[in-house]
Amino acid sequence: PDKDKISLLGCVSKTHITQTYLKSEVPETERRIRKRGSDINGYSYYYTEKTELSEGVRKEVERLIDAREYATYLEYEADPDMHTIEKDRYCFMFDGRYFEMDLYPFDDDYAILEIELNDINEQIALPDLGIVEELTNDYRYRNHSLAMNPVIRPDDVLPKVYLSETEEEYDF
């Protein structure tokens, strides 16, 4: 994706995210920690659990943690079978909606565009960013799958920008 095109959309923010998956005793629940920010502006740390409720609908429970708790999770609960994900997130408004686009350092053409919806059937307008495929129900493109296999190239064809939708988010 063209970063200048993203900027022209009125980029609200850009931040770096380091995401590590944790071991889970409940197979249906993904557990992860995130470090979000920069050396200049500082970091925020998060603990998240995600559970699939139905096709295209996931429950997300997230809480802010401190650097010490983040380091403890990283040292004692990181899943050794999963790769840590590094990405840059661009957040912007388009057509009155909040979008997040993740760009990954392993491939300049790979990106995930996400919008959270109140109803999975809502009609939305998409920005002109070369979006080629809707991926809400394609598990291969979820961050959890990416952490299992950091180089995704189905059929050796990698579209430029993907769209992912989620419906519900919960905080605790």
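Residues numbered from 1 in each chain as written. Predicted model: local features only at pLDDT ≥ 70, side-chain atom pairs only at ≥ 80, totals over all residues. Heavy atoms only, no water.

**Some words on the pattern of salt bridges**
Enumeration over the complete set of coordinates arrives at eight salt bridges. Its salt-bridge partner being arginine 63, residue glutamate 69 comes within 2.9 Å of it at the nearest N-O pair. For aspartate 102, the salt bridge goes to lysine 87, with nearest N and O atoms at 3.0 Å. A residue pair is termed long-range when its members are at least 10 positions apart, and aspartate 102 in strand 6 (residues 97–103) and lysine 87 in strand 5 (residues 85–94) qualify at 15 residues. (Salt bridge = Lys/Arg side-chain N within 4 Å of Asp/Glu carboxyl O. Helix = DSSP H or I, 4+ residues; strand = E, 2+ residues; numbered from the N terminus.)

**Describing the nonpolar core**
Formed by Ile6, Tyr90, Phe92, Phe99, Met101, Leu103, Ala111, Leu113, Ile115, Leu117 and Leu129, the largest nonpolar core amounts to eleven residues. Among the elements of the structure, strand 5, strand 6 and strand 7 (111–116) are those that each provide at least two residues to this core. (Core = buried A, V, L, I, M, F, W, Y, C linked by side-chain atoms within 4.5 Å. Buried < 20%, exposed > 50% of the residue type's maximum accessible area, 1.4 Å probe, protein only.)

**Some remarks on the confidence of the model for the protein**
Averaged over every residue, the pLDDT of the protein is 81; residues scoring 70 or more account for 85%. Residue range residues 153–172 is modelled with pLDDT below 50. Its contacts to residues more than four positions away, or to other chains, number 81 contacts. (pLDDT = per-residue confidence, 0-100. Contact = heavy atoms within 4.5 Å.)

**Brief notes about unusual backbone geometry**
Positive phi outside glycine occurs at aspartate 95, with the angle close to 50°. Since its relative accessible area comes to 58%, aspartate 95 is described here as exposed.

**Remarks on the pairing of strand 2 (residues 29–38)**
Of all the ten residues making up strand 2, seven are buried; the element is thus mostly covered by neighbouring parts of the structure. Pairing of strand 2 with strand 3 (residues 42–54) involves ten bridges; the strand directions are antiparallel. What sits directly across from serine 38, in strand 3, is glycine 42. Hairpin connection between strand 2 and strand 3: a loop of three residues separates the two successive antiparallel strands. (Pairing = 2+ DSSP bridges.)

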